[in-house]
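# Breakdown of the fold
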Amino acid sequence: MLLALASTPAFAHTGAGPVDGLMHGLMHPLTGLDHVLAMVAVGLWAGLVGGKARIAYPAAFVTTMALAGAWGMAGGALPGVEIGIAFSVVILGAAVALKASPPLAAGTLACGILAIFHGFAHGAELPENASGLAYALGFILATAVLHFIGIMLAGVIATRAPLIARIAGGGLVLAGVALLAG
């Protein structure tokens, strides 16, 4: 009786559970703290810098992430992915804490480079029998939403409590260091 109660559903019937990849793709960025922190940080940094950065930083991240995701799905190899993801949290946190305002091209390039690790991780973890296109659409949409949340947070805290943005950036740096430490 106890074993029967402890069992999990098998989803043995066609169509039970998310089989198309979209839900898996939507959930992947949202279920990893490292991804959530980095993606919100991109939006937060973009929102704090303002102007064209609000579009350019997230667009560079999403575009590069999608390309790196395709590379991961194709079976490519990228050593140190988890370390790169953790460093992205540290770097983005530092940019927020310092309220760094580099030239637009430099900030955009930084976001694109950091996205390589996230995209590769997403693509390499494509669930078996899932549609790669649906899965990619899911992680792209989830990432865009997390960027948007960061931009909205920046809009609120930049005007009402600018010190909170710096504290949040410091918290991101600490979280990234904790991720690196394991």
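What counts, and at which threshold
Residues numbered from 1 in each chain as written. Predicted model: local features only at pLDDT ≥ 70, side-chain atom pairs only at ≥ 80, totals over all residues. Heavy atoms only, no water. Helix = DSSP H or I, 4+ residues; strand = E, 2+ residues; numbered from the N terminus. Buried < 20%, exposed > 50% of the residue type's maximum accessible area, 1.4 Å probe, protein only. Contact = heavy atoms within 4.5 Å. Areas by Shrake-Rupley, 256 points an atom, 1.4 Å probe, with all protein chains shown as cover. Polar contact = N/O pair within 3.5 Å; in protein donor to acceptor, adjacent residues only side chain to side chain. Core = buried A, V, L, I, M, F, W, Y, C linked by side-chain atoms within 4.5 Å. Axes fitted to C-alpha atoms, helices over the stretch in contact; angles between N-to-C directions. Parallel < 35°, antiparallel > 145°, perpendicular 65-115°, else oblique. Nonpolar A, V, L, I, M, F, W, Y, C, P; charged D, E, K, R; others polar. Patch = residues over 30% accessible without salt bridge, like charges linked within 9 Å, V, L, I, M, F, W, Y side chains within 5 Å. Salt bridge = Lys/Arg side-chain N within 4 Å of Asp/Glu carboxyl O. Phe/Tyr/Trp six-rings, centres within 6.5 Å; stacked < 30°, edge-to-face > 60°. pLDDT = per-residue confidence, 0-100. Left-handed = near helix turned anticlockwise from the far one by under 90°. Arc of directions from axis to C-beta.

What follows covers the overall build of the protein. When you go through the protein residue by residue, the secondary structure sums to eight helices and zero strands. A burial count over the protein gives 40% of its 182 residues as buried. If you take every contact in the protein between residues at least 6 apart in sequence, the share linking residues at least 24 apart comes to 85%. Accessible surface, the protein: about 9,500 Å² in total, of which carbon and sulfur atoms supply 74%.

So, on to the side chain of Ser88. Considering the arrangement of structural elements, one finds Ser88 in helix 5 (residues 81–97). At a separation of 2.5 Å, a polar atom in the side chain of Ser88 contacts the main-chain carbonyl oxygen of Ile85. When near neighbours in sequence (up to four residues on either side) are disregarded, Ser88 contacts Ala38, Leu114 and His118.

Another aspect to go through is the nonpolar core. Nonpolar side chains tend to gather and get buried jointly when the protein is soluble and globular. Among the nonpolar cores identified, the biggest contains 30 residues, and Trp45, Tyr57, Phe61 and Leu92 are the most heavily contacted of them. Dropping the residues within four chain positions of it, Trp45 is found in contact with Tyr57, Leu92, Ala95, Val96, Ala100, Pro102, Gly107 and Cys111.

A separate point is the packing of helix 3 (residues 33–49) against helix 4 (residues 53–73). Two elements in contact, helix 3 and helix 4, have axes separated by 7 Å at closest approach and are oriented at 155°. When the interaxial angle is binned, helix 3 and helix 4 end up roughly antiparallel. Side by side, helix 3 and helix 4 meet where Met39, Val42, Trp45, Ala46, Gly47 and Val49 of the first sit next to Ala53, Arg54, Tyr57, Pro58, Phe61 and Met65 of the second. Classifying every residue of the contact of helix 3 with helix 4 by side-chain character gives 10 nonpolar, one polar and one charged.

Our next topic: a nonpolar patch on the surface. On the surface, a nonpolar cluster with roughly 350 Å² of combined accessible area is contributed by Ile83, Phe87, Ile91 and Leu180. For the nonpolar patch, the leading source of residues is helix 5, giving three residues. Inspection of the secondary structure puts Ile83 in helix 5.

Residue position: Gly171 is located in helix 8 (residues 162–181). For Gly171, a relative accessible area of 35% puts it in the partly exposed group. Sequence-wise, Gly171 and Ala94 are 77 residues apart; in three dimensions their C-alpha atoms are separated by 9.3 Å.

Right, let's talk about the packing of aromatic side chains for a bit. Under the criterion given, the structure shown has three aromatic pairs. Arranged with centres 5.5 Å apart and planes meeting at 75°, the rings of Tyr135 and Phe139 form a pair that is edge-to-face. A residue pair is termed a helical-turn pair when its members lie 3 or 4 positions apart in one helix, as Tyr135 and Phe139 do in helix 7 (residues 132–160) at four residues. Note on Phe139: relative accessible area 0%, which makes it buried.

A word on the confidence of the model for the protein. Per-residue confidence for the protein averages 88 on the pLDDT scale, and 89% of its residues sit at or above 70. Ranking the elements of the protein by mean pLDDT puts helix 1 (residues 2–6) last, at 44, and helix 4 first, at 97. Of the regions scoring below 50 in pLDDT, residues 1–17 engages in two contacts with residues more than four places distant in sequence or in other chains.

Below, the discussion takes up the packing of helix 4 against helix 6 (residues 104–124). Axis angle and axis distance: for two packed helices, these are the angle between their axes and the distance between the axes, and together they describe the pair. The contact between helix 4 and helix 6 brings their axes to 6 Å, and the two run at 30°. In this structure, the crossing between helix 4 and helix 6 has a hand that is right-handed. The residue inventory of the contact of helix 4 with helix 6, partitioned by class, reads 16 nonpolar, 10 polar and no charged.

Attention now moves to helix 2 (residues 22–30). Taken residue by residue, helix 2 has Gly25, His28 and Pro29 as its buried positions. Buried residues of helix 2, seen end-on, are gathered within an arc of 80° and therefore sit on one face of the element. Buried residues belonging to helix 2 abut helix 3, helix 6 and helix 7.

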